[in-house]
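# Architecture and fold: a report
Here are the chains, one letter per residue:
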There are 2 protein chains.
Amino acid sequence: MAKRLGRNTVELDSRPHIVSNAAVVGKKEGEGPLGGEFDEIYEDTTLGEETWEKAESAILNRTLTLAIEKAKLKNSDIEAVFAGDLLNQCMSSCFGVRDMNIPFAGVYGACSTMALSLIMASLAVETGAFEYAAAATSSHFCSAEKQFRYPLEYGGQRAPSSQWTVTGSGAVVLARNGAGPYIDKVHIGTVCDLGIKDMNNMGAAMAPAAKKTISDFLSETKTKPEDYDMILTGDLGQIGTELLKELLIKESGIDISSVHNDCGLMIYDREAQDVHAGGSGCGCSASVLCSKILSGMRKGYYRKIMFVATGALLSGVSPLQGESIPSVAHGIILKSEV
Amino acid sequence: MAKRLGRNTVELDSRPHIVSNAAVVGKKEGEGPLGGEFDEIYEDTTLGEETWEKAESAILNRTLTLAIEKAKLKNSDIEAVFAGDLLNQCMSSCFGVRDMNIPFAGVYGACSTMALSLIMASLAVETGAFEYAAAATSSHFCSAEKQFRYPLEYGGQRAPSSQWTVTGSGAVVLARNGAGPYIDKVHIGTVCDLGIKDMNNMGAAMAPAAKKTISDFLSETKTKPEDYDMILTGDLGQIGTELLKELLIKESGIDISSVHNDCGLMIYDREAQDVHAGGSGCGCSASVLCSKILSGMRKGYYRKIMFVATGALLSGVSPLQGESIPSVAHGIILKSEV
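From a predicted model like this one, the values you see are computed outputs, not experimental measurements.

## A look at helix H4 (residues 113-126) of chain B
All names here are of chain B. With 14 residues, H4 should reach 20 Å at 1.5 Å per residue; the first-to-last C-alpha distance of 19 Å fits that figure. Counted residue by residue, H4 has 14 buried out of 14 residues, so it is predominantly covered. Backbone geometry just after H4 places Gly128 at a positive phi near 95°.

## A short note on the pairing of strand S3 (residues 17-26) of chain A
Residue and element names in this part refer to chain A. Here S3 lies mainly inside the structure; 9 of its 10 residues are buried. Direction of pairing for S3 relative to strand S4 (residues 40-42): parallel, over a ladder of 3 bridges. Paired with Val24 across the strands is Glu40, a residue of S4.

## Regarding helix H2 (residues 52-70) of chain B
Three or four residues apart is the spacing at which side chains of an α-helix point the same way, because the helix has 3.6 residues per turn. Residues and elements named next belong to chain B. Relative to the 27 Å expected for 19 residues at 1.5 Å per residue, H2 spans 27 Å between its end C-alpha atoms, a close match to the ideal helical length. Of all 19 residues making up H2, 14 are buried, and the element is well covered by its neighbours. Downstream of H2 by a residue or two, Lys72 has a phi angle that is positive, lying close to 55°.

## Considering the relation of the copies chain B and chain A
For the pair chain B and chain A, the relating rotation is 180°, the translation along its axis is 0.0 Å, and the fit reaches an RMSD of 0.0 Å. Taken together, the rotation and translation relating the two chain copies correspond to the operation of a two-fold axis. Nearest to the rotation axis, the C-alpha of Val107 of chain B is located 2.0 Å from it, this being the minimum over chain B. Of all interface residues in chain B, 100% are interface residues in chain A too; the two copies therefore contact each other through one and the same surface.

## Section: the environment of Gly240 of chain B
With respect to the secondary-structure elements, Gly240 of chain B resides in helix H7 (residues 237-252). Measuring from C-alpha to C-alpha, the distance between Gly240 of chain B and Glu29 of chain B comes to 21 Å, with 211 residues separating the pair along the chain.

## Examining the pattern of salt bridges
If you walk through the whole model with that rule in mind, you get 34 salt bridges over all chains. The shortest N-O distance in the salt bridge between Lys70 of chain A and Asp39 of chain A comes to 2.6 Å. Within this pair, whereas Lys70 of chain A is found in helix H2 (residues 52-70), its partner Asp39 of chain A is found in the loop between helix H1 (27-30) and S4, the two being separated by 31 residues in sequence. Asp216 of chain B is the salt-bridge partner of Lys212 of chain B, the closest N and O atoms lying 2.9 Å from each other. Taken together, the residues span about one helical turn, with Lys212 of chain B and Asp216 of chain B both in helix H6 (residues 202-220) at a distance of 4 residues. Judged by relative accessible area, which is 27%, Lys212 of chain B ranks as partly exposed. Within the structure, one salt-bridge network assembled from shared partners comprises Glu11, Asp184, Lys185 and Lys335 of chain A.

## Description of the side chain of Ser139 of chain A
Residues and elements named next belong to chain A. By the element assignment, Ser139 lies in strand S7 (residues 132-139). A residue is classified by how much of its surface remains accessible, and Ser139, at 5% relative accessible area, is buried. There is a polar contact of 2.7 Å between the side chain of Ser139 and the backbone oxygen of Val166. Among the polar contacts made by the side chain of Ser139, one reaches the main-chain amide nitrogen of Gly283 at a distance of 2.9 Å.

About the thresholds
Residues numbered from 1 in each chain as written. Chains lettered and ligands numbered in written order. Predicted model: local features only at pLDDT ≥ 70, side-chain atom pairs only at ≥ 80, totals over all residues. Heavy atoms only, no water. Helix = DSSP H or I, 4+ residues; strand = E, 2+ residues; numbered from the N terminus. Expected span 1.5 Å × (residues − 1). Buried < 20%, exposed > 50% of the residue type's maximum accessible area, 1.4 Å probe, protein only. Pairing = 2+ DSSP bridges. Least-squares fit on C-alpha atoms with pLDDT ≥ 70 in both. Contact = heavy atoms within 4.5 Å. Salt bridge = Lys/Arg side-chain N within 4 Å of Asp/Glu carboxyl O. Polar contact = N/O pair within 3.5 Å; in protein donor to acceptor, adjacent residues only side chain to side chain.

Pasting the structure below:
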């Protein structure tokens, strides 16, 4: 039986193991510092599809398929896939899993989706009735720009605080019985809103949620930053990361500097690749977690990681209606027996 | 421990009880045949808000608050709320729960969301670490028309096969220990797509998913239609209901006529209220389930119900890109000890 440790934190008893992970990205991500870590890199980010949305669906489908293959399983072995994305009506996930013949539960957590889908899949495994459950998400620079900002053809100037949406996807297969890193604890985040209204500064909007989840998660598990090999945030980027560290020190007296990293800062070379504040999008934390991080855990480089993915819960119209940007951060603690 | 009964079906051991349910609707729904069943009816469907999206968020917030109050609980007692809706980026749910200070897990199932959120909440309770979990969803005629079809001001002609999006919301509180109807079995649906492309005929697009889920659910639980007091579909409307019955008989030899009802056919008087093929939207099955059906179970009118909510997984742009409409149907079996 799972055990409640606090308002948001649950300790799992079944140790859902990540038996496989896959990460597939686009050209720009492949040219970044983690280029050698990904399973596949698409030089042509259309994937031969006619629209950006279909290209994103194809990336998700490919990544999920690869994760299942790497686990030496068939689609029919997977008892549910938990997936979602940022496209309107989660189009990438819905169309990405359409032909896979796997029970599908859609989730929505904006850029926190990799953590949320992992939490949902873990809870399913914890019930005892799911031998294998998958979790996946994706994003695509071109579908995101088109939907949330301007058509690419417009060539809009980007704000210095803006982040670059990752073209990529991450997927894992969780097993009730298996080997690999496992999900030790999960933390479903509470929505935060400190009134940030600048939709070109997602890092600032999401930092308060990351702060809340990290400080609550540490306190509910009675742990300190030094107890982790890494506290990994999703896609705060440069500005959000600075704000997170400042908020944690000022409000909670917690210094995570020595163990913190952020997927949005890891995936690109900010200067050379001209991505301003860093990477973002559901595919950012998903592709970093499902490559360097989980592979590193399998190799024994990390034994205990707190993964906190953040999501800005704005919609395409909410900023135009004068709304501030609510955000949420979902967390998991990953452990490795290696 | 939960027990797997088949590819999609899981039997729960903990019997998550629905300790409270609430349904709030708009003027038109209040004037329909179920008018006397709802907790609250808003004559002014703006709820005093400036935009339709904010009005929908306010309805969801009100309904969830009411469900928690009816359970004689406080927000701080609820360990997670599982909610989603059809607005881009699930705006209604994200903003609706923003100020409630409850851990929030977003789900996406289009019009099947009430079933999906109940499944997720049930699985959470089943792990043993959630004493109380809530599930909710909403829709609003005006926000849906604006987002998926035409601005209301345009006064577009409606196709005879089209359905009327319900302005309303439903919410429940599930408890690990409690009284009331309980969730006996859950069924996460698999995506179906028979190639329907007419976005003005959602019933036809969703009928194959309903057919698949009902026939698989019956077969995996080794039950017959007569074993249920009701097999209740979400919002197939008139056309979808006819197609469902035909598909079930022709392809599986199953006749559900004597026990079937559809929330989309129950909520309006189709002729008098001029809604063409019936009601639809996440709020349709949610408000019907969370009023007449669950109240009826509490009174002992029904003892065993199969609730199968259907969702059309199209996005605002997918039909414009030539895509057919994938659909999914998630199911639960509700039992009452009364």
